[in-house]
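Now for the letters of each chain:
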Amino acid sequence: MSTGFKMLGVVLGLTIAAGAATGQDAADKALAGATKARQAQMQLYAFNLGLLGGMAKGDTPYEASAAGAAAGNLASLARLDQSLIWPEGSDEMGVEGSRALPAIWENLPDVIAKNEALITAASAMETAAGTDLAALQGAMGAIGESCGACHKAYRVPSN
Amino acid sequence: MRKFLVIVTVVLLLLAGGAWWLTMPARVTASDYAALIGVPARGATVFHAGGCASCHSAEGAIEDARLILSGGRAFASDFGTFHAPNISQDNDHGIGSWEVTDLANAMINGTSPQGQHYYPAFPYTAYSRATPQDIADLYAYMITLPADATPDLPHDLAFPFTLRRGLGLWKALYLTDAWQITGDLTEAEQRGRYLAEALGHCAECHTPRGPLGALDRNRWMAGAPNPSGRGTIPNITPAKLDWSESDLIAYFTSGFTPDYDTAGGSMAAVVTSLAQLPQTDRAALAAYLKRLPPID
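Remember, it's a predicted structure, so these values are computed and weren't measured experimentally. (Residues numbered from 1 in each chain as written. Chains lettered and ligands numbered in written order. Predicted model: local features only at pLDDT ≥ 70, side-chain atom pairs only at ≥ 80, totals over all residues. Heavy atoms only, no water.)

## Some details on unusual backbone geometry
Residue and element names in this part refer to chain B.
Stage number 1. The omega torsion of the bond from phenylalanine 159 to proline 160 falls at 10°, within 30 degrees of zero and hence cis.
Stage number 2. You can see proline 160 is positioned in the loop between strand S3 (156-157) and helix H8 (167-174).
Stage number 3. Unlike most non-glycine residues, histidine 201 shows phi in positive territory, near 40°.
Stage number 4. Relative to the elements of secondary structure, histidine 201 occurs in the loop between helix H9 (187-199) and helix H10 (203-206).
Stage number 5. Overall, the relative accessible area of 17% leaves histidine 201 in the buried class.
Stage number 6. If you check the backbone angles, tyrosine 260 has positive phi at about 60° while not being a glycine.
Stage number 7. Turning to its location among the elements, tyrosine 260 is positioned in the loop between helix H11 (245-254) and helix H12 (265-274). (Helix = DSSP H or I, 4+ residues; strand = E, 2+ residues; numbered from the N terminus. Buried < 20%, exposed > 50% of the residue type's maximum accessible area, 1.4 Å probe, protein only.)

Rendered as structure tokens:
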């Protein structure tokens with residue numbers, strides 16, 4: 001009896017440990033998935049900015065319809081509901097490849113305000129990009145400023 | 001024997017006198033500035049090109065708050081931690097009582113109105129190449145900026161770096177008004193050199209330093225360890241930086257790299273300043289960078 005009881009204890013213990021491990025695994029996967037998703041969002045920003053930036057620099061000819069489409073994408077990306085892709089714990093310590101600083105989750109109102117600044121800048125670009133090249137060039141700075149503001153405060157430096 | 005002692009004493013006195021003379025803080029000639037009329041709008045360009053706000057505004061200051069030059073930011077170095085002073089227009093805690101020659105002495109000679117040496121954390125090693133007219137313009141602009149009564153924080157340095165007089169020797173060794181990049185330069189490249197080597201002081205971070213903290217001019221802009229301890233400051237000679245001139249201009253304007261990532265670390269603040277310059281000045285800087293000798 002007492003041996004059986006002990007065995008039960010061991011089995012229960014193992015089950016709990018395994019359960020915890022599985023739970024931990026699932027949580028890790030969720031954090032990694034969220035990190036990947038927001039990195040993909042950043043890639044989409046970069047792609048559309050590349051189109052606008054190439055025209056702004058004069059490396060590619062200005063074309064109103066393509067510029068307008070890219071600017072529209074930027075604004076849609078900035079307005080995405082991001083509440084699911086920034087789970088707490090998906091910072092540089094928690095997820096391999098993440099450069100998010102834990103300070104993000106300590107300053108959420110500021111992070112949201114910085115995203116609002118991007119939405120404002122991207123909306124201005126939506127109007128500017130289809131207008132003409134000078135307007136597009138003038139709208140690039142505010143977008144860079146808003147991207148940089150968040151990166152500077154909340155991202156691990158790259159080198 | 002007595003004669004010998006007299007000779008030794010005289011020699012020692014001469015040496016001490018020589019050292020005293022050698023370490024004496026230098027001053028500009030006031031008459032060079034007397035006739036200059038400063039124009040605030042041009043001074044704003046000097047201010048942004050010089051990156052004054054990046055160090056002298058309060059930590060974390062953005063937008064208009066960058067024009068409140070209350071000081072206080074900390075700069076780690078091998079010699080200790082420097083704290084940027086208040087250079088706002090406050091009469092007691094800032095530089096509100098300064099004349100244009102006080103600003104010129106600070107920037108050209110690293111000498112305070114009280115006749116003390118400044119530490120070269122303040123990059124007079126670059127500003128010493130600034131023209132008197134630019135300093136007069138800068139002065140005219142700075143007196144339009146707000147006053148702030150934040151007291152200065154003392155530097156936190158190890159002995160013997162606490163002895164400011166010794167900086168006279170350092171200056172005698174390392175303070176030069178010669179240009180680093182010489183030769184047949186276009187007008188844009190010359191303007192870029194002035195912006196980079198006189199006002200912008202790019203080399204202060206992008207060039208490595210020797211044991212006494214002087215720039216290693218053989219590795220001009222070839223990258224350096226980050227004094228803040230994290231990572232390195234990149235090599236921006238054409239050997240490592242393969243961005244086109246239009247890439248560089250775009251970076252100085254919006255902060256976007258050719259991959260549409262953004263400027264990081266201290267460079268983000270530099271870009272904020274560069275974005276205020278005329279487009280021709282950003283193009284001149286890009287032209288200068290393209291002229292740098294490639295160093296691996």
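## Some details on the confidence of the model for chain A
Residues and elements named next belong to chain A.
Stage number 1. Looking at chain A, the pLDDT average stands at 88 and 86% of residues meet or exceed 70.
Stage number 2. At the low end of the mean pLDDT range in chain A sits helix H1 (residues 2-57), at 77; at the high end sits helix H2 (residues 64-79), at 97.
Stage number 3. Contacts for the low-pLDDT stretch residues 1-5, under 50 throughout, to residues beyond four places or in other chains number zero contacts.
Stage number 4. With pLDDT under 50 throughout, residues 8-19 is counted as low confidence; its partners more than four residues away or in other chains account for zero contacts. (pLDDT = per-residue confidence, 0-100. Contact = heavy atoms within 4.5 Å.)

## Let's talk about the nonpolar core
Residues and elements named next belong to chain B.
Stage number 1. Ranked by size, the top nonpolar core spans 56 residues in total, and within it Phe47, Ile135, Met142, Trp220 and Tyr288 carry the most contacts.
Stage number 2. The element best represented in this core is helix H5 (residues 100-109), accounting for six residues.
Stage number 3. When sequence neighbours within four positions are dropped, the list of residues in contact with tryptophan 220 reads Gln180, Ile181, Glu197, Ala203, Thr207, Leu215, Thr237, Tyr288, Leu292 and Ile295. (Core = buried A, V, L, I, M, F, W, Y, C linked by side-chain atoms within 4.5 Å.)

## Some thoughts on the interface of chain A and chain B
Stage number 1. Contacts between chain A and chain B engage 22 residues on the former and 19 residues on the latter.
Stage number 2. Among the ionic pairs, A:Arg155 bridges to B:Asp261, the shortest N-O distance being 3.0 Å.
Stage number 3. On inspection of chain A and its partner chain B, the count reaches four residue pairs in polar contact (both at pLDDT 80 or more).
Stage number 4. Put simply, the parts of the chain that give the side of chain A that touches chain B at least two residues each are H1 and helix H5 (133-154) of chain A. (Salt bridge = Lys/Arg side-chain N within 4 Å of Asp/Glu carboxyl O. Polar contact = N/O pair within 3.5 Å; in protein donor to acceptor, adjacent residues only side chain to side chain.)

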